Amino acid sequence: MDSGDSEMVSRLTVTLAGSPVILSASPSALVVEQNGKLKAKYTWWNVLWAESYETRVTLSLIEYHKEASKLVSFTATVSEAERAAALLFTQYVMENAYKDTKPRRRLRIFVNPVGGKGKGTSIYLERVKPIFEAAHCGIDTTITERAHHALEITRDMPLNADCIVVLSGDGLLHEVINGLAERPDAEEALATMPLAPIPTGSANGTCVNLLGKIDGFDVAMACVNAIKGRPMKLDLCLVTQKSSRTWSFMSQAMGLMADVDLGTEHLRWMGDARFMVGFLRELWALKRCPVTMEIKVVAEDKEQMVQQWKSTRSSGERTRATNGVLGKPPSTSEWVTLDKPILYFYAGKMPYVARDLMQFPLSVPGDGTIDLAIQEVTSRWTLLKAIDGADRGQQIYIPSQRYYKVEAYRVTPLVDDANVSIDGEKYPCEPFEVQVRKGMANIMSPSGSFVTDFSGINEKWK
Ligand SMILES: Nc1ncnc2c1ncn2[C@@H]1O[C@H](COP(=O)(O)OP(=O)(O)OP(=O)(O)O)[C@@H](O)[C@H]1O
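Residues numbered from 1 in each chain as written. Predicted model: local features only at pLDDT ≥ 70, side-chain atom pairs only at ≥ 80, totals over all residues. Heavy atoms only, no water.

### Focus on the environment of Ser69
Note that Ser69 resides in the loop between strand E6 (56-63) and strand E7 (70-77). The class of Ser69 is buried, set by a relative accessible area of 2%. Residue contacts for Ser69: discarding those within four places in its chain leaves Ile62, Glu63, Tyr64, Arg127, Asp218, Ala220 and Met221. In this structure the side chain of Ser69 is engaged in a polar contact, spanning 3.1 Å, whose partner is the backbone nitrogen of His65. Within polar-contact distance, the side chain of Ser69 engages the side chain of Asp218 at 2.8 Å. (Helix = DSSP H or I, 4+ residues; strand = E, 2+ residues; numbered from the N terminus. Buried < 20%, exposed > 50% of the residue type's maximum accessible area, 1.4 Å probe, protein only. Contact = heavy atoms within 4.5 Å. Polar contact = N/O pair within 3.5 Å; in protein donor to acceptor, adjacent residues only side chain to side chain.)

Rendered as structure tokens:
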């Protein structure tokens with residue numbers, strides 16, 4: 001035994017590939033040293049498993065890389081005399097690795113084989129499943145066979161998992177949420193089955209919001225979120241059309257931005273580069289968005305909203321739903337009709353809609369309002385100039401872009417063939433009304449908040 005008492009061993013010498021290696025538990029990480037040199041350091045978040053059996057010690061860890069983190073598992077040995085110490089050491093490692101959560105989550109997994117570049121199945125088999133197995137999670141997996149397959153299953157399945165893992169872009173998440181919301185026990189299903197997305201789609205907007213711009217496409221880090229993340233409240237938007245009700249967790253759009261998304265589905269093979277191609281094409285066309293809109297406004301002064309956002313962030317108001325922006329509970333406002341010609345409207349519940357577009361920088365989880373950006377008719381040059389900084393939410397400062405917090409809005413299309421995008425999925429071009437329902441769903445999150453680098457400073461649109 002290198003140190004510690006009978007209850008806790010925080011340092012252990014093992015033999016790995018014939019050489020002695022020292023494993024030690026620091027307050028923030030598991031440290032690996034060899035020949036007096038630091039070999040590796042794994043934050044506790046990235047430690048998946050530690051166990052000892054007789055003289056063998058097995059560790060499974062996620063090695064963080066900016067490009068793509070990866071699973072590392074190894075088995076080392078200890079001497080007979082160190083067996084008891086090895087057991088205590090691995091127990092101590094597990095206590096640190098799972099401080100706020102229970103290990104061995106039961107995961108109900110859905111894989112979209114056609115999302116994004118169409119690599120969902122191989123990513124699942126080669127990268128995701130080994131990580132869940134290394135963390136000793138229970139897994140029950142469906143590779144979807146068609147659109148709406150996941151919706152049909154989630155509508156009826158038993159609620160016996162700790163988390164629903166979705167390998168796809170945002171489209172399959174939309175299906176799963178709608179499946180849960182259609183159940184007779186929808187409230188319980190949405191409250192007790194948090195979602196955990198793994199990025200194998202094109203935009204992967206939800207993952208970018210949960211893990212940030214750098215790690216948002218990192219499959220291994222998204223797996224760790226499924227294994228250890230904590231549920232964070234999400235508002236849902238109820239979208240009512242004459243023929244149907246749909247639940248939207250992320251966004252609704254018409255006009256230029258809907259055309260960028262829905263008009264580039266045949267370019268899925270490009271990954272998220274497809275959105276830039278679509279944007280340049282729509283910029284060239286610069287069509288007006290044929291709608292009339294009515295909104296119920298909660299806040300509309302950009303500067304005040306930015307200040308409110310800053311104070312919400314700094315007060316650490318995180319996993320709990322907040323009381324509405326500017327301290328006002330919603331449901332007091334009147335309907336206001338918007339009459340200026342517009343290029344698009346984009347409404348949403350999360351800051352990023354893609355890695356290079358933080359459309360709703362002022363969005364905070366569970367605030368009970370919808371962020372609504374309305375781009376009035378403007379020049380191609382203005383929109384082109386807005387590309388630089390759009391990944392940091394800077395486009396909200398374009399003077400002709402209105403930004404509202406609303407509790408509800410109504411849209412009446414003036415044509416019958418325009419794109420209506422709900423969570424990136426195509427819906428009928430019919431009038432619709434959107435209302436927000438606070439904190440109805442849950443999503444796993446490492447931090448309890450959206451991860452963004454919005455500065456709250458207007459860098460160029462004075
Ligand atoms: N097996 C399947 N065959 C055909 N379509 C499917 C299947 N499974 C799911 N779908 C549909 O695939 C569509 C696209 O899914 P997804 O959102 O995962 O990918 P994406 O659009 O490339 O990514 P993103 O939404 O991040 O841009 C969804 O409409 C979903 O309903």
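What follows picks up the thread again.
### Looking at helix H10 (residues 302-314)
For H10, spanning 13 residues, the distance from its first C-alpha to its last is 18 Å, which sits close to the expected 18 Å at 1.5 Å a residue. For H10, the complete set of buried residues consists of Lys302, Met305, Val306, Trp309 and Thr312. All buried residues of H10 lie within an arc of 125 degrees about the axis, which places them on one face of the element. Tucked into the core, H10 has its buried residues touching strand E15 (291-299) and strand E19 (401-413). Capping the start of H10 is the job of one residue whose side-chain oxygen sits 2.9 Å from the backbone nitrogen of Glu303: Asp301. (Expected span 1.5 Å × (residues − 1). Arc of directions from axis to C-beta.)

### Focus on the packing of aromatic side chains
Evaluation of the coordinates by the stated rule reveals 6 aromatic pairs. Note on Phe345 and Phe432: the rings are 6.5 Å apart at their centroids and 45 degrees apart in plane angle, and the pair reads as tilted. Of this pair, Phe345 sits in strand E17 (residues 342-348) while Phe432 is found in strand E22 (residues 432-445), placing the two residues 87 residues apart along the sequence. Judged by relative accessible area, Phe345 falls into the buried class, the value being 0%. Pairing Tyr409 with Phe432 gives two aromatic rings, centres 6.4 Å apart and planes at 75 degrees, and the pair type is edge-to-face. Placement of Tyr409 in strand E19 and of Phe432 in strand E22 is noted, with a sequence separation of 23 residues between them. Each member of the pair, Tyr409 as well as Phe432, is classed as buried. In textbook terms, an aromatic cluster arises when at least three aromatic residues are bridged by ring pairs, as seen for Trp309, Tyr397 and Phe454. (Phe/Tyr/Trp six-rings, centres within 6.5 Å; stacked < 30°, edge-to-face > 60°.)

### What to know about unusual backbone geometry
For residues other than glycine, phi is negative in most cases, and the peptide bonds are mostly trans. Residue Leu286 is not a glycine yet carries a positive backbone phi of 40 degrees. With respect to the helices and strands, Leu286 occurs in the loop between helix H9 (273-285) and E15. For Asp423, which is not glycine, the phi torsion reads 55 degrees and is therefore positive. Within the secondary structure, Asp423 sits in the loop between strand E20 (420-422) and strand E21 (425-427).

### With respect to the nonpolar core
In this structure, Leu48, Val128, Phe132, Ile164, Val165 and Ile198 are the most contacted members of the largest nonpolar core, which totals 87 residues. Excluding anything up to four places from it in sequence, Ile198 contacts Val128, Phe132, Val165, Val166, Leu167, Ser168, Cys207, Val219, Ala222 and Cys223. Membership of the second largest hydrophobic core comes to 35 residues, among which are Ala253, Leu256, Val260 and Val364. (Core = buried A, V, L, I, M, F, W, Y, C linked by side-chain atoms within 4.5 Å.)

### Description of the domain arrangement of the protein
The domain architecture assigned to the protein consists of domain 1 (11-97), domain 2 (106-228) and domain 3 (238-438). Between domain 2 and domain 3, the C-alpha centre-to-centre distance is 24 Å. With 19 residues of domain 2 at the contact, the number on the domain 3 side is 23 residues. With both sides pooled, the region where domain 2 packs onto domain 3 buries about 1,800 Å², and carbon together with sulfur makes up 62% of that total. (Domains from an automatic or database assignment. Buried area = accessible area lost by both parts, 1.4 Å probe.)

### Some points on the packing of helix H3 (residues 149-156) against helix H4 (residues 170-181)
Look at H3 against H4: their axes get within 7 Å of each other, and the N-to-C directions meet at 30 degrees. Overall, the two elements H3 and H4 adopt an arrangement that is roughly parallel. Crossing angle aside, the handedness with which H3 passes H4 is right-handed. Listed contacts from H4 to His149, Ala150, Leu151, Thr154 and Arg155 of H3 are Leu172, Glu175, Val176, Asn178, Gly179 and Leu180. (Axes fitted to C-alpha atoms, helices over the stretch in contact; angles between N-to-C directions. Parallel < 35°, antiparallel > 145°, perpendicular 65-115°, else oblique. Left-handed = near helix turned anticlockwise from the far one by under 90°.)

### Here's the deal with the side chain of Gln359
Mapped onto the elements, Gln359 comes out in the loop between E17 and strand E18 (370-376). Within polar-contact distance, the side chain of Gln359 engages the side chain of Gln401 at 3.4 Å.

### As for the pattern of salt bridges
All chains considered together, the criterion is met by 26 salt bridges. The salt bridge partner of Arg146 is Glu145, with a shortest N-O separation of 3.6 Å. Its salt-bridge partner being Arg274, residue Asp261 comes within 3.0 Å of it at the nearest N-O pair. Taken together, the residues span a long stretch of sequence, with Asp261 in helix H8 (residues 256-262) and Arg274 in helix H9 at a distance of 13 residues. Asp261 sits in the buried class, given a relative accessible area of 14%. Judged by its relative accessible area of 3%, Arg274 falls in the buried class. One network of salt bridges, with partners in common, ties together Lys213, Asp391, Arg392, Asp453 and Glu459. (Salt bridge = Lys/Arg side-chain N within 4 Å of Asp/Glu carboxyl O.)

### Digging into H9
With 13 residues, H9 extends 19 Å between its outermost C-alpha atoms, agreeing within 8% with the 18 Å of an ideal straight helix rising 1.5 Å per residue. All of the buried residues along H9 are Arg274, Phe275, Gly278, Phe279, Glu282 and Leu283. Across the axial projection of H9, the buried residues extend over an arc of 165 degrees, all falling on one side. Immediately downstream of H9, the backbone of Leu286 shows phi near 40 degrees, a positive value.

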